[in-house]
Amino acid sequence: MRALVQLRGEVNQAGAVEDTLEMLNLGRVNHATFVPETDAYAGMVTKVNDWVAHGEPSAETVATVLRRRGEPAEGDADLTDEYVAEHTDYDDADALAEALVAEETTLQEQGLSPTLRLHPPRGGHGGIKHPTREGGQLGKHDTAGIDDLLEAMR
């Protein structure tokens, strides 16, 4: 599973990139989503590489983000362990996060919103004009890098 976080806005954004971001459930800056590792999604991630940060997160970080920013598809309940146990096929947020990372399920299959509305990164980030290899935040991150970004935006 790959986590995608949109870091750049829609100014000077090509129509194809905008359409791809919508297909990935990313419509605004600081929104995140989880996508499976398939060829179709790999092509989509390549297309939006200059607009998002992406990488494979750890299950602990996914659980933290779900508890803080997860929402049901309908309604406005908080995503607590009790809510997860009652409304999904899993006992708590940790088990749901493990299943998401293992690509056993998706947020939509469990009745949750596929988009996570994150807080801007606490303490700022490395910049949105340069890729990770130049010290920025855009593009592919390793597990530690995407975990740090998601933790700062929790």
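Residues numbered from 1 in each chain as written. Predicted model: local features only at pLDDT ≥ 70, side-chain atom pairs only at ≥ 80, totals over all residues. Heavy atoms only, no water.

K.L.:
Help me understand the overall build of the protein in this model?
P.N.:
If you tally the helices and strands in the protein, you get six helices and five strands. On C-alpha atoms alone, the protein measures out to a radius of gyration of 15 Å, which is about the 15 Å that the 2.2 N^0.38 rule sets for 154 residues. By its C-alpha atoms, the protein is 45 × 30 × 25 Å across when sized along the principal axes. Expressed as a percentage of its 154 residues, the buried residues of the protein come to 45%. Put simply, of all contacts in the protein between residues at least 6 apart along the chain, 71% involve residues at least 24 apart. Split by element, the accessible area of the protein, about 8,000 Å² in all, is 43% carbon and sulfur. Counting 13 positive and 29 negative side-chain charges, the protein places the averaged centre of each group 11 Å from the other. (Helix = DSSP H or I, 4+ residues; strand = E, 2+ residues; numbered from the N terminus. Rg over C-alpha atoms; globule rule 2.2 N^0.38 Å. Buried < 20%, exposed > 50% of the residue type's maximum accessible area, 1.4 Å probe, protein only. Contact = heavy atoms within 4.5 Å. Areas by Shrake-Rupley, 256 points an atom, 1.4 Å probe, with all protein chains shown as cover. Lys, Arg positive; Asp, Glu negative; His and termini not counted. Charge placed at Lys NZ, Arg CZ, Asp CG, Glu CD.)

K.L.:
What am I meant to see in the pairing of strand β3 (residues 52-55) here?
P.N.:
In regular strands, side chains alternate between the two faces of the sheet. Neither face of β3 is open: one carries V52 and H54, the other A53 and G55, and all of them are buried. Bridging between strand β1 (residues 2-6) and β3 involves four bridges; their strand directions are antiparallel. Note on β3: the bridge partner recorded for L4 is H54. The sheet contact formed by β3 and strand β5 (residues 139-140) spans two bridges and is parallel. Bridging from a neighbouring strand, A53 pairs with G139 of β5. (Pairing = 2+ DSSP bridges.)

K.L.:
Sorry if this is basic, but what is going on with the pairing of β1 here?
P.N.:
Counting buried residues in β1 gives five out of five residues, a clear majority hidden from the surface. Judged by which residues are buried, β1 turns out to be covered on both faces: R2, L4 and Q6 on one side and A3 and V5 on the other are all buried. As defined by bridge partners, β1 adjoins strand β2 (residues 31-35) across four bridges and the pair is classed as antiparallel. The residue bridging R2 from the neighbouring strand is V35, located in β2.

K.L.:
Quick question: what am I supposed to make of the layout of surface pockets here?
P.N.:
Rolled over the atoms, a probe sized like a water molecule indicates the empty space that remains. Estimates place the volume of the largest pocket at around 270 Å³. Lining the largest pocket we find 17 residues, and of these F34, V35, P36, T106 and L107 sit closest to its centre. The element contributing the most residues to the lining of the largest pocket is β2, with three residues. Broken down by class, the residue content of the lining of the largest pocket amounts to ten nonpolar, five polar and two charged. (1 Å grid on protein atoms, 1.4 Å probe; cavity = no way out; pocket = protein on both sides within 12 Å on 5 of 7 lines; lining within 4 Å. Points joined across faces, edges and corners; volume = space filled by probe spheres on them. Nonpolar A, V, L, I, M, F, W, Y, C, P; charged D, E, K, R; others polar.)

K.L.:
Please explain the packing of helix α3 (residues 59-69) against helix α5 (residues 93-101) as it appears in this structure.
P.N.:
For any two helices packed against each other, the geometry comes down to the angle between their axes and how far apart the axes lie. The interhelical angle for the contact between α3 and α5, taken along N-to-C directions, is 125 degrees, at an axis separation of 8 Å. In terms of orientation, α3 and α5 fall into the oblique class. With respect to the hand of their crossing, α3 and α5 are arranged in right-handed fashion. Residues A59, V62, A63, L66 and R67 of α3 lie in contact with α5, whose contacting residues are A93, D94, L96, A97, E98, L100 and V101. For the contact of α3 with α5, the residue count by class is nine nonpolar, no polar and three charged. (Axes fitted to C-alpha atoms, helices over the stretch in contact; angles between N-to-C directions. Parallel < 35°, antiparallel > 145°, perpendicular 65-115°, else oblique. Left-handed = near helix turned anticlockwise from the far one by under 90°.)

K.L.:
What is the right way to look at the nonpolar core in this model?
P.N.:
Across soluble globular proteins, nonpolar side chains show a tendency to be buried alongside one another. Within the largest apolar cluster, 28 residues are counted, with the highest numbers of intra-cluster contacts made by V5, F34, L66 and L118. With sequence-adjacent residues up to four places away left out, V5 is seen in contact with H31, A32, W51, V52, A53, L118, L149, L150 and M153. Of all hydrophobic cores here, the second largest spans eleven residues; its members include L4, L21, V48 and V52. (Core = buried A, V, L, I, M, F, W, Y, C linked by side-chain atoms within 4.5 Å.)

K.L.:
Looking at this structure, I do not really get a negative patch on the surface. What am I missing?
P.N.:
A contiguous patch of negative charge, built from E10, E18, D19 and E22, is present on the exposed surface. Inspection of the secondary structure puts E18 in helix α1 (residues 15-23). (Patch = residues over 30% accessible without salt bridge, like charges linked within 9 Å, V, L, I, M, F, W, Y side chains within 5 Å. Salt bridge = Lys/Arg side-chain N within 4 Å of Asp/Glu carboxyl O.)

From the geometry alone we can't say anything about function, so treat these as descriptive.
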